[in-house]
Amino acid sequence: MALMLVKFDLKKRVKLAQTIWFLYWFAVMAGVLVFSMGLFFKIELRKRSELMDNNESHLLPNVLILMGLIACGVNAFGGKVCYDSLDPSKFIKWKPMLKPFLMFCVGFNGMLFVTALLCFVMRIPLQFTLAEGLKNGMRFYKDTDTPGRCYMKRTLDLMQMEFRCCGNDHYRDWFEIHRIGSNVDGQYLMDGVPFSCCNPSSPRPCIQGQMTNNTAHYSYDHYTEELNVWKRGCREAMVSYYGGLMNTIGALVLLVTMLEIAVTIGLQYINSSLSSLVNPEDPESESEGWILEKTVGETFTDIMANMKAMSKGGKVEEEAEAGVATVS
Amino acid sequence: MVLLKIKFTQQRRVHLAQGLWLLSWTAVIWGAIIFCLGVYLKMELLRRDEVMDNTEIHVVPNILMIVGLASIGTNWVASCVCQDSLDATRFPRWKVLLLGWFAVAAVLCCLLISVVALSFTLQGRLEESLKVGLRNGIRFYKDTDVPGRCYQKETIDRLQMEFRCCGNNNFKDWFEVQWVSSRYLNFTSKDVKDRIRSNVDGRYLLDGVPFSCCNPSSPRPCLRYTLTDNNAHFNYEYQSEELNLYSRGCRQALTDYYMELMNSTGPGVLSVILIQMSVLLGMRYLQTAVEGIMALEDPEGESDGFLLEKGVKETMEDLKVKALIMLQFWLVDPIATEGSSEDADLEKAEKEASPTPAS
């Protein structure tokens, strides 16, 4: 009893082939989209790699790029097969390759699904990398004469202005950095922040220095002042930016996975309908199409039996060789 | 003497019609691109509307948009004419329209050339407009509590950060203006009183700039107050310090930005001019060749295609004569109607005076 049996006449077969060919070209463009999203994500990570201590994981964008390229190739091949399926003479040469190709497609769809899940999961390690990187970045803010760190100030300033954030969690993080002196007596804090923390929407000119001293500035109360500097911490800002990016990419990859599953099922129908012609000589005869030749349970037991047979066959050969070896 | 005559066989005519059809569709796409360029330029100009005093420069994107739309329509008509040109029954209905089409296409080419010229000549006006707009912006920077001007501070700050510039010509423009709102000044303090007394208008002037002038590439934390006092900061010299603040003025920065934008549309506009002229010439050849064939009534024969039936001078003379005739006709006609009514009166009087022999 085949799974999801459908009867096909010539007209239906032609329509199916045309639809699936069209969907395959859509899928090629989807593959290009996945590739470009991977590339874009890689570039975004590279842009801010200084703030992540240069040890951020590029696993996700690399996987996306690879999947995109494979998807393009697989879908182009599938489209060609669909196009040729309407001509029996051309279809003959593709027939032997079709079963392994379909198995490969099923495996590829599984990997696509795993990639989509990876997009949602990789947020967590990224959060930790960002936290570490930002803390170190702020420590090296003043090292503009140390080779290798001289651009940290510029990077941090530009990042704070672009993401509208200040400090790691809060602008007070900058007070810790500006601590001068090591012994308890000489230690004094400069409660100031860099200019990049300033909020342009504030009605008064930006107060950067002596922020906790209410008497240092006229009509100023640092407890109630809200618009002076950015309130958000940069870790939260960057995590939400990258998190949003990864969520979008994950959702798109899920959609692409569903499209791939649809075209794989379509190709299976084309394959089965062309191989089950009532009258093999007459291309206009009726046929049946299915997803699986037997039910799911029977197919599964068949696969297990095949695997056992293959492993047994291997064992028997080994024993025969061993026997031959002992005999000789 | 015909201008640039070319012989057209049946085959050549078909090729011309097909090639022209393709070219006119290319011109439609280019027209759409020109329209989009115009829209983009207009959006960019509108974004910085607050620091511009007048909208004279808007004539460039406006013309681009109009030309883009007109070009789409014109070239779509051209493609329809090409499609019908090989069918003797359908072509005659376009005959009258073609004259108007040539006029419109010529006007479009002239407008495009004028856009290129305008974008160069209006540079001076743009600078003037920005100078006045930025001066007002800097003057009203402190008025964050005045309705209508309360966003001036945010606009100027964001502008300076985005374009990496400071002040109108340079950062010293900020020294001449009170940019700290009086709400945040302690009028009992000596420093404030001194500063207010130091100038005629009683403004609080200081040698400092807003935070948006700070340059992130500077190796030291930004210095924005007491800029002219070398002793106020460690290891600081006012005359030679270059990286602390942005050295460029915002007027220069904005003018450069908009000139670059308009220059980058230059190649696109020039290629549209070329394509439009080729469509114009091709259409003229197609029209004359098909009309020649229709006159011969032999669809597979040869015919001549030309640009002008007579030479340039003769055509100009002809046009002059035609224009004069039309003018005369229009002028003479009212006089002629007056004269003819007088004649009719005279005739009536004669008829009444002398009875007709018949009666």
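- As annotated in an unreviewed UniProt entry, chain B carries the name RDS/peripherin-like protein xRDS35 and is attributed to Dissostichus mawsoni.
- Recorded in UniProt for chain B, the comment headed Sequence similarities (unreviewed entry) runs: "Belongs to the PRPH2/ROM1 family."
- Per UniProt, the comment on chain B under Subcellular location (unreviewed entry) is "Membrane".

- Looking at an unreviewed UniProt entry, one finds chain A named Peripherin-2 and attributed to Dissostichus mawsoni.
- One UniProt comment on chain A, placed under Subcellular location (unreviewed entry), says "Membrane".
- One UniProt comment on chain A, placed under Sequence similarities (unreviewed entry), says "Belongs to the PRPH2/ROM1 family."

Thoughts on the confidence of the model for chain B
Residue and element names in this part refer to chain B.
For step 1, the next point in the chain: Averaged over every residue, the pLDDT of chain B is 87; the share at 70 or more is 92%.
For step 2, the next point in the chain: Least confident of the elements in chain B is helix α9 (residues 312-353), whose mean pLDDT is 69; most confident is helix α5 (residues 152-163), at 94.
For step 3, the next point in the chain: The ipTM for the predicted assembly is 0.75, set against a pTM of 0.78.

A look at a nonpolar patch on the surface
Residue and element names in this part refer to chain B.
For step 1, the next point in the chain: Judged by side-chain polarity, Leu324, Leu327, Trp330, Leu331 and Val332 come together as a nonpolar surface patch covering roughly 560 Å² of accessible area.
For step 2, the next point in the chain: You can see Leu331 is positioned in helix α9.
For step 3, the next point in the chain: Exposure remark for Leu331: the relative accessible area of 49% places this residue in the partly exposed category.

What to know about the UniProt feature "transmembrane region" (unreviewed entry) in chain B
For step 1, the next point in the chain: Residues annotated by UniProt as "transmembrane region" (unreviewed entry) correspond here to residues 20-43, 63-82 and 94-120 of chain B.
For step 2, the next point in the chain: Between the first and last C-alpha atoms of residues 63-82 of chain B the distance is 28 Å; the span itself is 100% helix and 0% strand.

Considering the packing of aromatic side chains
Any pair of aromatic rings gets described here by the distance separating the centres and the angle formed by the planes.
For step 1, the next point in the chain: Scanning all chains against the criterion turns up 20 aromatic pairs over all chains.
For step 2, the next point in the chain: Aromatic side chains Tyr141 of chain A and Trp174 of chain A sit 4.9 Å apart centroid to centroid with 70 degrees between the ring planes, which places their arrangement in the edge-to-face category. Placement of Tyr141 of chain A in the loop between α4 (123-139) and α5 (152-163) and of Trp174 of chain A in helix α6 (residues 173-177) is noted, with a sequence separation of 33 residues between them.
For step 3, the next point in the chain: The exposure class of Trp174 of chain A is buried, given its relative accessible area of 0%.
For step 4, the next point in the chain: A centroid spacing of 6.2 Å and a plane angle of 75 degrees characterise the contact between Tyr141 of chain B and Trp179 of chain B, whose relative ring orientation is edge-to-face. With Tyr141 of chain B in the loop between α4 (123-139) and α5 and Trp179 of chain B in the loop between α5 and α6 (190-197), this pair connects stretches of sequence that are 38 residues apart. As far as burial versus exposure is concerned, Tyr141 of chain B and Trp179 of chain B are alike and both buried.
For step 5, the next point in the chain: Here a set of aromatic residues connected by ring pairs shows up, and it is made of Phe41, Phe163, Tyr241 and Tyr242 of chain A.
For step 6, the next point in the chain: One residue, Lys12 of chain A, lies across the ring of Phe8 of chain A, its end atom 5.9 Å from the ring centre.

Describing the environment of Gln160 of chain B
All names here are of chain B.
For step 1, the next point in the chain: Assignment of secondary structure puts Gln160 in helix α5.
For step 2, the next point in the chain: Along the sequence, Gln160 and Cys36 sit 124 residues apart, while their C-alpha atoms lie 28 Å from each other.
For step 3, the next point in the chain: For Gln160, the contacting residues outside a window of four places in its chain are Cys165, Cys166, Gly167, Trp174, Ser212, Cys213, Tyr246 and Cys250.
For step 4, the next point in the chain: Polar side-chain contacts of Gln160 include one of 2.9 Å to the side chain of Ser212.

Section: the side chain of Arg13 of chain B
Residues and elements named next belong to chain B.
For step 1, the next point in the chain: If you trace the backbone, Arg13 turns up in helix α1 (residues 10-47).
For step 2, the next point in the chain: Using a relative accessible area of 4% as the deciding quantity, one classes Arg13 as buried.
For step 3, the next point in the chain: Looking at Arg13, its side chain comes within polar contact range of the side chain of Ser303, at 3.4 Å.
For step 4, the next point in the chain: Contact partners of Arg13, with chain neighbours within four places excluded, come to Phe8, Leu86, Leu286, Ala289, Ile293, Pro299, Glu300, Gly301, Glu302 and Ser303.

Re the state of the cysteines
For step 1, the next point in the chain: Applying the stated rule across the entire model yields six disulfides over all chains.
For step 2, the next point in the chain: Here Cys198 of chain A is linked by a disulfide to Cys206 of chain A, with a sulfur-sulfur distance of 1.8 Å. Every disulfide takes its handedness from the sign of the S-S torsion; for Cys198 of chain A and Cys206 of chain A that torsion is -85 degrees, giving left-handed.
For step 3, the next point in the chain: With relative accessibility at 2%, the residue Cys198 of chain A sits in the buried group.
For step 4, the next point in the chain: Cys165 of chain B shares a disulfide with Cys250 of chain B; S-S distance 2.0 Å. Taking the torsion about the sulfur-sulfur bond, which here is approximately 85 degrees, the covalent link between Cys165 of chain B and Cys250 of chain B counts as right-handed. With Cys165 of chain B in the loop between α5 and α6 and Cys250 of chain B in helix α7 (residues 250-264), this pair connects stretches of sequence that are 85 residues apart.

What about the UniProt feature "transmembrane region" (unreviewed entry) in chain A?
Residue and element names in this part refer to chain A.
For step 1, the next point in the chain: Here the UniProt feature "transmembrane region" (unreviewed entry) sits at residues 20-41, 62-81 and 101-121.
For step 2, the next point in the chain: As annotated, residues 20-41 comprises 100% helix and 0% strand, and the C-alpha atoms at either end are separated by 31 Å.
For step 3, the next point in the chain: For residues 101-121, the helix share is 100%, the strand share is 0%, and the end-to-end C-alpha distance is 30 Å.

A look at the nonpolar core
All names here are of chain B.
For step 1, the next point in the chain: Trp174 and Val209 are the most contacted members of the largest nonpolar core, which totals 60 residues.
For step 2, the next point in the chain: Elements represented by at least two residues in this core include exactly α1, α2 (59-85), α3 (95-121), α4, α5, α7 and α8 (266-296).
For step 3, the next point in the chain: Looking at this core, the element that brings in the most residues is α7, giving seven residues.
For step 4, the next point in the chain: The contact partners of Val209, leaving out residues within four places of it in the chain, are Cys166, Phe171, Trp174, Phe175, Trp179, Arg224, Leu227 and Leu245.

Concerning the environment of His233 of chain B
Residue and element names in this part refer to chain B.
For step 1, the next point in the chain: Relative to the helices and strands, His233 resides in the loop between α6 and α7.
For step 2, the next point in the chain: Considered as a pair, His233 and Leu223 are ten residues apart in the sequence and their alpha carbons are 8.3 Å apart.
For step 3, the next point in the chain: Within polar-contact distance, the side chain of His233 engages the side chain of Thr226 at 3.1 Å.

Some points on the interface of chain A and chain B
For step 1, the next point in the chain: Every contact between the two is made by 19 residues of chain A and, on the other side, 24 residues of chain B.
For step 2, the next point in the chain: For the pair chain A and chain B, the summed buried surface comes to about 2,000 Å²; carbon and sulfur atoms form 61% of the total.
For step 3, the next point in the chain: Of all residues in chain A, Phe195, Pro200 and Tyr218 of chain A give up the largest surface area on contact with chain B, accounting jointly for 30% of the area buried on that side.
For step 4, the next point in the chain: Applying the counting rule to chain A against chain B returns zero salt bridges.
For step 5, the next point in the chain: On inspection of chain A and its partner chain B, the count reaches ten residue pairs in polar contact (both at pLDDT 80 or more).
For step 6, the next point in the chain: Grouping the constituent residues of the side of chain A that touches chain B by class yields nine nonpolar, five polar and five charged.

Analysis parameters
- Residues numbered from 1 in each chain as written.
- Chains lettered and ligands numbered in written order.
- Predicted model: local features only at pLDDT ≥ 70, side-chain atom pairs only at ≥ 80, totals over all residues.
- Heavy atoms only, no water.
- UniProt positions renumbered as here; feature names shortened; annotations may be inferred.
- pLDDT = per-residue confidence, 0-100.
- Helix = DSSP H or I, 4+ residues; strand = E, 2+ residues; numbered from the N terminus.
- Patch = residues over 30% accessible without salt bridge, like charges linked within 9 Å, V, L, I, M, F, W, Y side chains within 5 Å.
- Areas by Shrake-Rupley, 256 points an atom, 1.4 Å probe, with all protein chains shown as cover.
- Salt bridge = Lys/Arg side-chain N within 4 Å of Asp/Glu carboxyl O.
- Buried < 20%, exposed > 50% of the residue type's maximum accessible area, 1.4 Å probe, protein only.
- Phe/Tyr/Trp six-rings, centres within 6.5 Å; stacked < 30°, edge-to-face > 60°.
- Lys NZ or Arg CZ within 6 Å of the ring centre and 35° of its normal.
- Contact = heavy atoms within 4.5 Å.
- Polar contact = N/O pair within 3.5 Å; in protein donor to acceptor, adjacent residues only side chain to side chain.
- Disulfide = S-S within 2.5 Å.
- Core = buried A, V, L, I, M, F, W, Y, C linked by side-chain atoms within 4.5 Å.
- Buried area = accessible area lost by both parts, 1.4 Å probe.
- Nonpolar A, V, L, I, M, F, W, Y, C, P; charged D, E, K, R; others polar.

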